[in-house]
Amino acid sequence: MISTNIEEVKNSIENACRKCGRDPASVKLIAVSKTKPAESVKEAYECGCRSFGENYVQELIQKYDELPKDIEWHMIGHLQRNKVKYVIGKVSLIHSVDSLRLAQEINDRSAKTGIVTDILAEVNVSEEENKYGFAPDEVSEFAFQMPDLKNIRLKGLMTSAPFVTDPEENRRFFKILRELSVDIDKKNIDNVMMKELSMGMTGDYKVAVEEGATMVRVGTAIFGARDYGGIS
Ligand SMILES: *Cc1c(COP(=O)(O)O)cnc(C)c1O
């Protein structure tokens, strides 16, 4: 079942790319495996998936330890500063950087380990109150701090659009994120490469691809509905 789901998602990404003249190879599918057992990740791995997204530090570390080492782990959930030390060196990209203090902690921990960690700035483009992320007008100020932080690299922007029944409603938010990225890129800031746009989930990834997503984070369409069993 996971294998047919992956095929379907990949086909949809290819169709969305064809529709707007993009190369399907320019979109990375991140299989969001939060709350799902390691066996499900393994099943997706056997279908060729190598990029997985997790929201919770402890779960990410457990799966990291258990599963093949050629997996790229993406931290996509809210990250507390006191947990940064556990993920440094294990994640290939932290999508959910939403404050300068968090970025500084990732930088300091990376310096101690002697590595450079790639990050994205999370933007609350829909300006929902209960959502993490920089306000759209705060992001460039954040980007201007990057030249001082030598052990992180800002590679782009990330957003989670609202849950909607018609994905077309989210198109405007994806456009805003892309425009922000273009604006920041023009400033030619040292240590900032606006290369990645992480946007689009099960309900809206096709629209996100049409609007320029380079990474889509798809959980439910691959692994089925999640059962949080008390964690949230
Ligand atoms: C859970 C989650 C996803 C995947 O959501 P689906 O709707 O299951 O595809 C993507 N991004 C983030 C930040 C998430 O928390």
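Residues numbered from 1 in each chain as written. Predicted model: local features only at pLDDT ≥ 70, side-chain atom pairs only at ≥ 80, totals over all residues. Heavy atoms only, no water.

Caption draft 1: Examining the overall build of the protein more closely. Along the protein, the regular secondary structure elements total nine helices and eight strands. Here the C-alpha radius of gyration of the protein, 17 Å, is about what a compact globule of 232 residues would show, namely 17 Å. Expressed as lengths along the three principal axes of its C-alpha atoms, the size of the protein is roughly 45 × 40 × 35 Å. Taking all 232 residues of the protein together, the buried fraction comes to 52%. (Helix = DSSP H or I, 4+ residues; strand = E, 2+ residues; numbered from the N terminus. Rg over C-alpha atoms; globule rule 2.2 N^0.38 Å. Buried < 20%, exposed > 50% of the residue type's maximum accessible area, 1.4 Å probe, protein only.)

Caption draft 2: Molecular detail of helix α2 (residues 38–46). Of the residues making up α2, those classed as buried are A38, S40, V41, A44 and Y45. Projected onto a plane normal to the axis of α2, the buried residues spread over an arc of 160° and lie on a single side. Among the exposed residues of α2, those oriented more than 90 degrees off its buried face are E39 and E46. Against the buried residues of α2 lie α1 (2–20), β2 (51–54), α3 (57–66), β3 (72–75) and α9 (220–223). (Arc of directions from axis to C-beta. Contact = heavy atoms within 4.5 Å.)

Caption draft 3: Looking closely at the side chain of K34. For K34, the location among the structural elements is in the loop between β1 (28–32) and α2. This buried residue, K34, is left without a salt bridge; E54 holds the nearest opposite charge, at 8.3 Å. Among all residues touching K34, those that are not within four sequence positions of it are G53, E54, N55, Y56, E59, K63, R226 and Y228. (Lys, Arg positive; Asp, Glu negative; His and termini not counted. Salt bridge = Lys/Arg side-chain N within 4 Å of Asp/Glu carboxyl O.)

Caption draft 4: Quick look at helix α5 (residues 100–113). Along its 14 residues, α5 runs 20 Å from first to last C-alpha, staying within 8% of the 20 Å computed at 1.5 Å per residue. What α5 keeps buried is the set L102, A103, E105, I106, N107 and S110. Tucked into the core, α5 has its buried residues touching α4 (84–87), β4 (93–97), β5 (117–122), α6 (139–143) and β6 (152–158). Residue G114 follows α5 closely and has a positive phi angle near 75°. (Expected span 1.5 Å × (residues − 1).)

Caption draft 5: Region of the structure containing the site of the ligand. In the vicinity of the ligand there are 13 residues, among which K34, N55, T202, T220 and R226 approach most closely. Between the ligand and N55, the relevant distance is 2.7 Å, taken from an oxygen atom to a side-chain nitrogen or oxygen of the residue. Between the ligand and T202 there is a distance of 2.5 Å, counted from an oxygen atom to a side-chain nitrogen or oxygen. The fraction of the free accessible surface of the ligand (390 Å²) that becomes covered by protein chains is 90%. Residue composition of the shell around the ligand, by class: five nonpolar, five polar and three charged. (Near = heavy atom within 4 Å. Polar contact = N/O pair within 3.5 Å; in protein donor to acceptor, adjacent residues only side chain to side chain. Areas by Shrake-Rupley, 256 points an atom, 1.4 Å probe, with all protein chains shown as cover. Nonpolar A, V, L, I, M, F, W, Y, C, P; charged D, E, K, R; others polar.)

Caption draft 6: Structural view of the pairing of strand β8 (residues 215–218). Residues M215 and R217 point to one face of β8 and V216 and V218 to the other, with burial holding for every one of them. In terms of strand pairing, β1 meets β8 through four bridges, oriented parallel. Residue I30 lies in a different strand from β8, and its bridge partner there is R217. (Pairing = 2+ DSSP bridges.)

Caption draft 7: The pairing of β2, seen in detail. Neither face of β2 is left uncovered, since the one carrying S51 and G53 and the one carrying F52 and E54 both have all their residues buried. Examined bridge by bridge, β1 and β2 share two bridges and lie parallel to one another. The residue of β2 that forms the bridge with A31 is F52. Crossover connection from β1 via α2 to parallel β2: handedness right-handed. For β2 and β3, the ladder comprises four bridges, and the chain directions are parallel. Paired with E54 across the strands is M75, a residue of β3. Of the crossover connections in this fold, the one passing from β2 over α3 to the parallel β3 is right-handed. (Right-handed = clockwise from strand over helix to strand, strands pointing away.)

Caption draft 8: Region of interest: the nonpolar core. Counting 66 residues, the largest nonpolar core has I106 and L157 as the members making the most contacts within it. By residue number, the principal contributor to this core is α1, which donates six residues. Residues contacting I106, with those up to four places away along its chain left out, are L79, V84, I88, I94, V97, T117, I119 and I152. Counting five residues, the second-largest nonpolar core is a separate cluster that includes I30, L93, M158 and M215. (Core = buried A, V, L, I, M, F, W, Y, C linked by side-chain atoms within 4.5 Å.)

Caption draft 9: Broad picture of the packing of aromatic side chains. Using the criterion set out here, one finds two aromatic pairs in the structure. Where F134 meets F142, the ring centres are 4.6 Å apart and the plane angle is 35°; that geometry is what we call tilted. F134 sits in the buried class, given a relative accessible area of 6%. Residue classification places F142 among the buried positions, given a relative accessible area of 3%. (Phe/Tyr/Trp six-rings, centres within 6.5 Å; stacked < 30°, edge-to-face > 60°.)

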